[in-house]
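# Residue-level structure breakdown
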Amino acid sequence: MRRVRASAPGKVILLGEHFVVKGSRALVASIDLRATVEVEPRSSWPSLIVSEGLGASAALDEGLRVRGDPRLEPIAAVLEWLAGQGYSLAPFKARIGGSLPPGAGLGSSAAVGAAFALAYTALHGDPLGPEGLMEASLAGERVVHGNPSGVDPAIAAYGGFLLYRRGEAPRRLDLSLPEGYVVVVADSGIPRRTGDVVSFVLERAEATRPASDLVYRAADELVGAAVEALRAGDAARLGALMDLAHGLLAGLGASSEALERLVHRARGAGALGAKLTGAGWGGSIIALAPEGLALRVCSSLEEAGARWARPVKLGVEGARLEA
Ligand code: MEV
């Protein structure tokens, strides 16, 4: 029986999370942690979905109703989007796995959506390209939280480095980190619902207008400046911009005591800059570290309570079929 496997990368938002929800730009890079989805046909409904990372399973009937773990509902939304594009709905079994941890602020739900859409459409003989994968994954993200900017689906589909503005086609940038520097990710291990943090930050922004409008403009400027710093290979400037971006996010209420501890610990261990990445409250932080200090930064972060910390490779390939 035919079986198709696809994968899509997770991401770190280098700068611009939350601000991107209201139209500022975000700079985002794919990372070398991937979600994989294997899809094979089943002879009859219901379809079955199993997620190793979530330890969850669900059955999906022909009307795309999910029985089982509600965290798998985004898959039904992706299928509904595919049906709207003319793909036939046929029963399947899907197994979700890979190295990208769920709930760490690293874009796992969008990566799973893109990888599932690619595997399913390839199984049906007409694999979607990145534009379609981004839209399919976005349909799933709308279930995860009500107001997704689309930045996570974009990077899962395209990979690389992207400059992203809501409602516009993502701009692919040919960037790399300054020579001799790495980005370290540390997962706080603290779960949170992206939608809750997004609503809280939006309320804070609304309550502090028009001053907060300037903060959103500043966040957009920081993104432009970070792109320039990367182009110039200026690690010190990039680090300072990350610290400043973190301050703006913390000011709008996206940080937490645990994330502050991690960010300060990373800086103390030699990182040139550190900030929360993704929605905040829990999830992960990123730090820009000289290669020679990366291990020290990682062990300091684990001592400070991170579930894990490791350097990641940035700018890897987007959603792809696996052999
Ligand atoms: C989540 O990875 C990024 C947020 O800006 C939400 C979004 O853009 O959809 C917090």
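Below you will find a few notes about this structure. (Residues numbered from 1 in each chain as written. Predicted model: local features only at pLDDT ≥ 70, side-chain atom pairs only at ≥ 80, totals over all residues. Heavy atoms only, no water.)

We now examine the overall build of the protein chain. From N to C terminus, the protein chain includes nine helices and 13 strands. Rg of the C-alpha trace for the protein chain: 19 Å, near the compact-globule value of 20 Å for 323 residues, within the 12% margin. Here the protein chain, with 323 residues, has 58% of them falling under the buried criterion. Relative to all contacts within the protein chain whose residues are 6 or more apart in sequence, the contacts with residues 24 or more apart total 72%. For the protein chain, the computed accessible surface area is about 13000 Å², with 49% contributed by carbon and sulfur atoms. (Helix = DSSP H or I, 4+ residues; strand = E, 2+ residues; numbered from the N terminus. Rg over C-alpha atoms; globule rule 2.2 N^0.38 Å. Buried < 20%, exposed > 50% of the residue type's maximum accessible area, 1.4 Å probe, protein only. Contact = heavy atoms within 4.5 Å. Areas by Shrake-Rupley, 256 points an atom, 1.4 Å probe, with all protein chains shown as cover.)

With respect to spatial proximity, 14 residues lie near the ligand, and among them Lys-11, His-18, His-145, Ser-149 and Asp-152 are the closest. Between an oxygen atom of the ligand and a side-chain N or O atom of Lys-11, the distance comes to 3.1 Å. His-145 has a polar side-chain atom sitting 3.3 Å from an oxygen atom of the ligand. Protein contact buries 96% of the 300 Å² of open area that the ligand shows by itself. Secondary-structure elements contributing two or more residues to the shell around the ligand are β1 (4-15) and α4 (151-158). (Near = heavy atom within 4 Å. Polar contact = N/O pair within 3.5 Å; in protein donor to acceptor, adjacent residues only side chain to side chain.)

With that settled, consider the packing of helix α1 (residues 73-84) against helix α2 (residues 108-123). In the contact formed by α1 and α2, the axes pass within 10 Å of each other and the chain directions differ by 45°. Taken as axis vectors, α1 and α2 run oblique relative to one another. Read as a crossing pair, α1 and α2 show a hand that is right-handed. Across the interface between the two elements, Ile-75, Val-78, Leu-79 and Leu-82 from α1 touch Val-112, Gly-113, Phe-116, Ala-117, Tyr-120 and Thr-121 from α2. Classifying every residue of the contact of α1 with α2 by side-chain character gives eight nonpolar, two polar and no charged. (Axes fitted to C-alpha atoms, helices over the stretch in contact; angles between N-to-C directions. Parallel < 35°, antiparallel > 145°, perpendicular 65-115°, else oblique. Left-handed = near helix turned anticlockwise from the far one by under 90°. Nonpolar A, V, L, I, M, F, W, Y, C, P; charged D, E, K, R; others polar.)

What follows is about the packing of α2 against helix α3 (residues 130-144). Two packed helices can be described by the angle between their axes and the distance between those axes. As a packed pair, α2 and α3 sit with axes 8 Å apart at the nearest point and diverge in direction by 135°. Relative to α3, the element α2 lies oblique. In terms of crossing hand, the pair formed by α2 and α3 is right-handed. Residues Ser-109, Ala-110, Gly-113, Ala-114, Ala-117 and Leu-118 of α2 form the contact with α3, whose own contacting residues are Leu-133, Ala-136, Ser-137, Glu-141 and Val-144. Its residues assigned to classes, the contact of α2 with α3 comprises seven nonpolar, three polar and one charged.

Relative to the elements of secondary structure, Ser-255 occurs in the loop between α7 (235-251) and α8 (257-268). Once residues within four sequence positions are removed from consideration, Ser-255 is found in contact with His-246, Leu-249, Ala-250, Glu-260, Leu-276 and Trp-281.

Moving on to the pairing of strand β7 (residues 161-164). Taking every second residue as pointing to the same face, both faces of β7 are buried, with Phe-161 and Leu-163 on one and Leu-162 and Tyr-164 on the other. When strand β2 (residues 26-41) meets β7, the two strands line up antiparallel, connected through four bridges. Paired with Leu-27 across the strands is Leu-163, a residue of β7. In this sheet, strand β8 (residues 171-173) lies alongside β7 in antiparallel orientation, the contact comprising three bridges. Following the sheet pairing, Leu-162 is matched in β8 by Arg-172. Adjacent in sequence and paired antiparallel, β7 and β8 are bridged by six residues, among which Gly-167 carries a positive phi angle near 85°. (Pairing = 2+ DSSP bridges.)

Overall, antiparallel pairing links the four strands, which are arranged β10-β11-β9-β12 in an open sheet. Of all strands in the sheet, those with a lone pairing partner are β10 (273-277) and β12 (308-312), marking the two edges. With direction set aside, neighbouring strand axes in the sheet form an average angle of 25°. Pairing of strand β9 (residues 181-187) with strand β11 (residues 284-290) involves seven bridges; the strand directions are antiparallel. Bridge pairing in β11 places Tyr-181 opposite Pro-290. The strands touched by α7 within the sheet are β9, β10 and β11, with β10 carrying the most contacts at an inclination of about 40°.

Coordinates in, geometry out; function isn't part of it.
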